[in-house]
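Residues per chain, in single letters:
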Amino acid sequence: MTEIAKQRPEFRNINAITDLTTYRLPPAGWVSILHRVSGAILFLLLPFIIWLFDTSVTSEISFARFSSAFGAGLGFVPGWFVKLVALALIWAYLHHFVAGVRHLYMDATHSVTKEFGRSSAIVTLVLGVGLTAVLGAKLFGLY
Amino acid sequence: MSVNYGSKRVVVGAHYGLRDWLAQRVTAVLMALFTVLLLAQVVFTKGPIGYDLWAGIFAAQWMKVLTFTVIISLAYHAWVGVRDIWMDYVKPVAIRLILQVFSIVWLVGCAGWAVQVLWRL
């Protein structure tokens, strides 16, 4: 074994605190882990999503409750916090959506080159954050 | 290769990759089309969206059937994804099984609630 090969770091058992913080992921790596994170967020907030669906469609009275959740708040939770959770949901959905379309496109067209992986990953990250900014500005009443 | 059959069989693994891989993609396409359809109806509405317009979108029977399909698709899609997370990060079989059971209860419960909301409109 040469000297260079010996010096290579090995990650046989990744430590979440000491190893993960020093990881430098390529854009495709960020898209991948954020795809998983956004999916987990959507899974955990599923009852909140259905609550939004329930109150918004059931009746005029519940619709008023739905609207006021984003203004006056929801019980002891202030309105700005409900908006913040909604913003997190918007990002999670958009990122999961765009990253999913990227997956489907790659599956269908066999676009598996390194360059396409990188450029499409950057597009995914920018679209996810960009569209969230556009919808977030609407949510917080900037336009 | 460790022994994972007989009494050592891993009871909480996937071992049916292609079917779930395909199911996850088919359900994803369904949900993506539904998202575009729903967003288009909201975006192309002039002025503020009130209760009548919003609830009206889900009033038609075909839309109810389509939304129902999307709810079931979402539950299946999320099940495949969440189980992947447990299988990747949770190694003790007992904890993994508990988390998988929790995921099923969570998803079936949520799907039931969503269907109830949908069909009492």
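For clarity, every value in this text was computed on a predicted model and none was experimentally measured.

Novice: It is not clear to me how the overall build of chain B should be interpreted in this structure. Could you clarify?
Specialist: The helix and strand inventory of chain B stands at four helices and zero strands. Along chain B, helices (α) and strands (β) appear in the sequence α-α-α-α when read from the amino end. Against the globule reference of 14 Å for 121 residues, chain B gives a C-alpha radius of gyration of 19 Å, more extended than a compact globule. Taking the principal axes of its C-alpha atoms as reference, chain B extends roughly 65 × 25 × 25 Å. Scored against the burial criterion, the 121 residues of chain B give a buried share of 13%. Once local pairs closer than 6 in sequence are excluded, the contacts in chain B between residues at least 24 apart make up 74%.

Novice: Which parts of the structure should I look at to understand the environment of Leu121 of chain B?
Specialist: Counting through the fold element by element, Leu121 of chain B comes out in the segment after helix 4 (93-119). Through-space distance from the C-alpha of Leu121 of chain B to that of Ala55 of chain B is 8.1 Å; in sequence the pair is 66 residues apart. Contact partners of Leu121 of chain B, with chain neighbours within four places excluded, come to Val57 of chain A together with Ala55, Phe58 and Ala59 of chain B.

Novice: How should the interface of chain A and chain B be read in this particular structure?
Specialist: The parts lose accessible area when they come together, and the size of an interface is often stated as this lost area. Listed as interface residues are 19 residues of chain A and, on the opposing side, 18 residues of chain B. Of all the secondary-structure elements, those providing two or more residues to the side of chain A that touches chain B are helix 2 (27-44), helix 3 (46-58), helix 4 (60-69) and helix 5 (79-109) of chain A. Take the side of chain A that touches chain B: its biggest share by element is eight residues, from helix 3 of chain A.

Novice: Just checking my understanding: could you explain the packing of helix 1 (residues 17-43) of chain B against helix 3 (residues 61-89) of chain B for this structure?
Specialist: Helix-helix packing: each pair is described by the crossing angle between the helix axes and the interaxial distance. Residue and element names in this part refer to chain B. Between helix 1 and helix 3, the least distance of the axes is 9 Å, while the angle of their chain directions is 140°. When the axes of helix 1 and helix 3 are compared, the pair comes out oblique. Of the two elements, helix 1 crosses helix 3, and the hand of that crossing is left-handed. Contacts between helix 1 and helix 3 involve Asp20, Ala23, Gln24, Thr27, Ala28, Leu30, Met31 and Phe34 on the former and, on the latter, Leu66, Thr69, Val70, Ser73, Leu74, Tyr76, His77, Val80 and Gly81.

Novice: Would you explain the confidence of the model for chain A in this entry?
Specialist: Close reading of the predicted structure is inappropriate where its pLDDT is low. Per-residue confidence for chain A averages 91 on the pLDDT scale, and 94% of its residues sit at or above 70. For chain A, per-element mean pLDDT is lowest for helix 1 (residues 3-7) of chain A, which scores 66, and highest for helix 2 of chain A, which scores 97.

Novice: What is the right way to look at the nonpolar core in this model?
Specialist: What tends to happen in soluble globular proteins is that the nonpolar side chains get buried as a cluster. Ile71, Leu74, Ala75, Ala78 and Ala114 of chain B are the most contacted members of the largest nonpolar core, which has 13 residues in total. Counting only elements with at least two residues in this core, the list comes to helix 3 of chain A together with helix 3 and helix 4 of chain B. Looking at this core, the element that brings in the most residues is helix 3 of chain B, giving seven residues. The residues contacting Ile71 of chain B, other than those within four sequence positions of it, are Ala111, Ala114 and Val115 of chain B.

Novice: What exactly am I supposed to notice about the environment of Arg102 of chain A here?
Specialist: All names here are of chain A. Structurally, the position occupied by Arg102 is in helix 5. Here the alpha-carbon distance between Arg102 and Val31, two residues 71 residues apart in the chain, equals 10.0 Å. If we ignore the near neighbours within four places in the chain, the residues touching Arg102 are Ser120 and Thr124.

Novice: Help me understand helix 3 of chain B in this model?
Specialist: Given 3.6 residues to a turn, an α-helix orients residues that are three or four positions apart in the same direction. Counted at 1.5 Å a residue, the expected span for helix 3 of chain B with its 29 residues is 42 Å, and the 42 Å between its end C-alpha atoms agrees. Inspection of helix 3 of chain B places Thr67, Val70, Ile71, Ser73, Leu74, Ala75, His77, Ala78, Trp79, Gly81 and Val82 of chain B among the buried residues, and these make up the whole buried set. Contact partners of the buried residues in helix 3 of chain B: helix 2 of chain A together with helix 1 and helix 4 of chain B.

Conventions adopted
- Residues numbered from 1 in each chain as written.
- Chains lettered and ligands numbered in written order.
- Predicted model: local features only at pLDDT ≥ 70, side-chain atom pairs only at ≥ 80, totals over all residues.
- Helix = DSSP H or I, 4+ residues; strand = E, 2+ residues; numbered from the N terminus.
- Rg over C-alpha atoms; globule rule 2.2 N^0.38 Å.
- Buried ≥ 20, exposed ≤ 12 C-beta atoms within 10 Å, placed from the backbone.
- Contact = placed C-beta atoms within 7 Å.
- Axes fitted to C-alpha atoms, helices over the stretch in contact; angles between N-to-C directions.
- Parallel < 35°, antiparallel > 145°, perpendicular 65-115°, else oblique.
- Left-handed = near helix turned anticlockwise from the far one by under 90°.
- pLDDT = per-residue confidence, 0-100.
- Core = buried A, V, L, I, M, F, W, Y, C linked by C-beta atoms within 7 Å.
- Expected span 1.5 Å × (residues − 1).

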